[in-house]
Amino acid sequence: MYRALVRVLKAYRFRLEPSPAEARGLARVAGCCRFVFNRALALERQRFERGEKHLGYAALCKELTSWRRAPATAFLAEAPTHPLQQALKDLDRAYRNFFEGRAERPRFKKKGRHDAFRYPDPKQFQVDDGHGRVKFPKLGWLRYRRSRAVSGTPKQLTLSREGGHWFVAIQTECELSAPVHPASSAVGVDLGVAKFAALSTGETFAPVSSLLKHAKKLARAQRALSRKVKYSRNWRKQKARIERLHTKVARIRHDFLHKTSTTISKTHAMVVLEDLSVRSMSRSARGTVDAPGRHVRAKAGLNRSILDQGWGEFRRQVEYKQTWRGGLVLVVDPRNTSRTCPACGHVSAENRKTQAVFLCVRCGHAADADVNAARNILAAGHAVIACGERVQQGPSMKQEPAVSEAAA
Ligand SMILES: [Zn+2]
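Residues numbered from 1 in each chain as written. Predicted model: local features only at pLDDT ≥ 70, side-chain atom pairs only at ≥ 80, totals over all residues. Heavy atoms only, no water.

### Concerning the overall build of the protein chain
Moving on, step 1. Within the protein chain, the secondary structure is distributed over nine helices and 15 strands.
Moving on, step 2. A total of 408 residues make up the protein chain; the buried ones form 39% of that total.
Moving on, step 3. Roughly 22,800 Å² of accessible area belongs to the protein chain as shown, and the carbon and sulfur atoms make up 52% of that amount. (Helix = DSSP H or I, 4+ residues; strand = E, 2+ residues; numbered from the N terminus. Buried < 20%, exposed > 50% of the residue type's maximum accessible area, 1.4 Å probe, protein only. Areas by Shrake-Rupley, 256 points an atom, 1.4 Å probe, with all protein chains shown as cover.)

### Quick notes on helix H3 (residues 81-99)
Moving on, step 1. The end-to-end C-alpha distance of H3 is 27 Å, a good match for the 27 Å that 19 residues give at a rise of 1.5 Å each.
Moving on, step 2. The set of residues buried in H3 consists of Pro83, Leu84, Gln86, Ala87, Leu88, Leu91, Asp92 and Tyr95.
Moving on, step 3. Check the buried side of H3 and you find it contacts helix H1 (20-49), helix H2 (57-69) and strand E2 (116-119).
Moving on, step 4. Two residues or fewer after H3 comes glycine 101, characterised by a positive phi angle close to 80°. (Expected span 1.5 Å × (residues − 1). Contact = heavy atoms within 4.5 Å.)

### Comments concerning the sheet that holds strand E3 (residues 126-128)
Moving on, step 1. Across the sheet, which stays open at both edges, the three strands sit in the order E3-E4-E5 with antiparallel pairing between neighbours. Of all the strands in the sheet, the pair left with one neighbour each is E3 and strand E5 (140-143). Taken over all neighbouring pairs, the strand axes of this sheet differ in orientation by 25° on average, direction set aside.
Moving on, step 2. Across three bridges, E3 lies against strand E4 (residues 133-136) in antiparallel orientation. In the strand pairing of E4, glutamine 126 is matched with lysine 135. (Pairing = 2+ DSSP bridges. Axes fitted to C-alpha atoms, helices over the stretch in contact; angles between N-to-C directions.)

### Description of the packing of H1 against H2
Moving on, step 1. Where H1 meets H2, the closest approach of the two axes is 11 Å, and the angle between their N-to-C directions is 120°. Of the possible angle classes, the one that applies to H1 and H2 is oblique. Judged by the twist between their axes, the crossing of H1 over H2 is right-handed. For the pair formed by H1 and H2, the contact residues are Val36, Arg39, Ala40, Leu43 and Glu44 on the first element and Leu60, Glu63, Leu64 and Trp67 on the second.
Moving on, step 2. Taken together, the residues that form the contact of H1 with H2 break down as six nonpolar, no polar and three charged. (Parallel < 35°, antiparallel > 145°, perpendicular 65-115°, else oblique. Left-handed = near helix turned anticlockwise from the far one by under 90°. Nonpolar A, V, L, I, M, F, W, Y, C, P; charged D, E, K, R; others polar.)

### Here's the deal with the pairing of E5
Moving on, step 1. Relative to E5, E4 runs antiparallel, the two being bridged by four bridges. Residue pairing in the sheet places valine 134 in a bridge with leucine 142 of E5.
Moving on, step 2. The hairpin turn running from E4 into E5, its antiparallel successor, is three residues long, and lysine 138 in that turn takes a positive phi close to 70°.

### Thoughts on the confidence of the model for the protein chain
Moving on, step 1. Across the protein chain, the average pLDDT comes to 82, with 84% of residues at or above 70.
Moving on, step 2. Per-element confidence in the protein chain is highest for H2, whose mean pLDDT is 96, and lowest for strand E15 (residues 392-393), whose mean pLDDT is 41.
Moving on, step 3. Within the model, the stretch residues 282-296 combines pLDDT values under 50 with twelve contacts to residues more than four positions away or in other chains.
Moving on, step 4. Contacts of residues 389-408 to residues separated by more than four positions or lying in other chains number 66 contacts, the stretch itself having pLDDT below 50. (pLDDT = per-residue confidence, 0-100.)

### Let's talk about the side chain of asparagine 376
Moving on, step 1. Locating asparagine 376 in the fold gives a position in helix H9 (residues 369-387).
Moving on, step 2. On the basis of relative accessibility, which here comes to 9%, the residue asparagine 376 falls in the buried class.
Moving on, step 3. Every residue in contact with asparagine 376, bar those within four places of it in the chain, is listed here: Thr337, Thr340 and Pro342.

### Notes on the coordination of the zinc ion
Moving on, step 1. Taken together, Cys341 (SG), Cys344 (SG), Cys360 (SG) and Cys363 (SG) make up the protein donors of the zinc ion, found 2.3 Å from the metal.
Moving on, step 2. Of note is the zinc ion, whose four donor atoms meet at the metal with angles of 106 to 113° in an arrangement that counts as tetrahedral.
Moving on, step 3. Each donor residue of the zinc ion lies on the same chain, and together they follow the pattern C-x2-C-x15-C-x2-C. Of this pair, cysteine 341 sits in the loop between strand E12 (328-332) and strand E13 (357-359) while cysteine 360 sits in the loop between E13 and strand E14 (366-368), and the two are 19 residues apart along the sequence.
Moving on, step 4. Residue cysteine 341 is classed as buried on the basis of its relative accessible area of 2%.
Moving on, step 5. In this structure cysteine 360 comes out as buried when scored by relative accessible area, which is 3%. (Donors = N, O, S within 2.8 Å, 3.2 Å for Na, K, Ca; no water. Tetrahedral: all angles 85-135°; square planar, octahedral: opposite > 155°, others 65-115°.)

### Brief notes about the layout of surface pockets
Moving on, step 1. Roughly 560 Å³ of volume is contained in the second largest pocket.
Moving on, step 2. Taken together, 22 residues line the second largest pocket, and the ones lying closest to its centre are Asp190, Leu191, Ser338, Arg352 and Gln355.
Moving on, step 3. Looking at side-chain class alone, the lining of the second largest pocket contains ten nonpolar, five polar and seven charged residues. (1 Å grid on protein atoms, 1.4 Å probe; cavity = no way out; pocket = protein on both sides within 12 Å on 5 of 7 lines; lining within 4 Å. Points joined across faces, edges and corners; volume = space filled by probe spheres on them.)

### Considerations on the pairing of strand E11 (residues 270-274)
Moving on, step 1. Where burial is concerned, most of E11 is hidden: five out of the five residues are buried.
Moving on, step 2. Summarising the sheet, strand E8 (residues 186-191) and E11 pair through three bridges and their orientation is parallel. Within E11, the position partnered with valine 187 by the bridge is valine 271.
Moving on, step 3. Inspection of the sheet shows E11 paired to E12 by five bridges, in the parallel sense. Counterpart to valine 271 in the pairing with E12 is valine 329.

### Things to note about the packing of aromatic side chains
Moving on, step 1. Counted by the stated rule, this structure contains eleven aromatic pairs.
Moving on, step 2. Both rings, one in phenylalanine 196 and one in phenylalanine 314, keep their centres 5.2 Å apart while their planes meet at 85°; by these two values the pair is edge-to-face. Here phenylalanine 196 is found in the loop between E8 and strand E9 (197-199), whereas its partner phenylalanine 314 is found in helix H8 (residues 311-325), with 118 residues between them in sequence. Pair check on accessibility: phenylalanine 196 and phenylalanine 314 agree, each one buried.
Moving on, step 3. An aromatic cluster is present here, built from Phe117, Tyr119, Phe136 and Trp166 joined pairwise through their rings.
Moving on, step 4. Against the face of phenylalanine 37 rests lysine 109, its NZ or CZ located 4.3 Å from the ring centre.
Moving on, step 5. Lying across the ring of tryptophan 141, arginine 133 places its NZ or CZ 4.0 Å from the centre. (Phe/Tyr/Trp six-rings, centres within 6.5 Å; stacked < 30°, edge-to-face > 60°. Lys NZ or Arg CZ within 6 Å of the ring centre and 35° of its normal.)

Here is the structure:
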């Protein structure tokens, strides 16, 4: 049998254990990257105001060279070149997203927010997996908490600070022969708010509303912050507390999504999902200036729990996990999946009298509303396969994943 080779990218994330001096070194590089980003952004804005041409990455790299030579910014010469260039690349990408209407105008980076930098070239760093350490130019060897072995060839390295700790993400690449999924079953998945996921098999996954649970706590902590004198000792302490809270929420959600997507991907060769555009849903709730959304408040709450539960991230995870296992993800049109009777085919909004119960007004078929929707989604998936309807397949092999978390 012919089996193709697939290129698989993986990412491993470990907590670094820098000495105080090493942590200062990391912060210094992150600071230089932020400086370069902000300075380049200021330059582009200035040029824009004067009606001059946008510079872009290559021209900014030339500017960077002159900044490294200038006496006033000589400290940049102390920092490794590649991460500084990557900061310019980030700005370039942010501008491209802005020009193409995908994002807002790039903004200045603030100190202490998203401190990160990366080495894109394996020649610039070394990974000593056996001893759990990584080496960079000008920083030397740094130890990390080795919670698992790193497989594949390291391609890129990202260092970031989160909740007061430094982390290293090692992205690797390896070639595998295309796998064949061990299961042969297919499943429809209905994503919701009351239940995070209902499967056509009848199985359901309760949501993790970590953000909602922590929202009050966070709001209180933020109010406390506003009462403190900015940049005072207590203000900094409170700021760190808030950041830790955010990190905790993110970790709970991350774990939940990975457990759920792994369970589903392991058990079923074909997973059918609805094409829920989380983004457009969040956007429509805000409404426009002329016609503010009618149910803005209710929708805002719903959207918060959508974002809280990470449907978009869940779909991304299921897609790459299926790709690894040789499974398939189908994305189908969500219209009528919640109001179609699987027994007689009658379609009516009346069929779903309450959030939880499905009751067909024509034939009397009754079922759990979410499981019922999952069955319709599965049927739609089978229809796609049978008659070759338009189908959106998941992305190919280019995603990072298997993130190993060494924190805690
Ligand atoms: Zn019916």
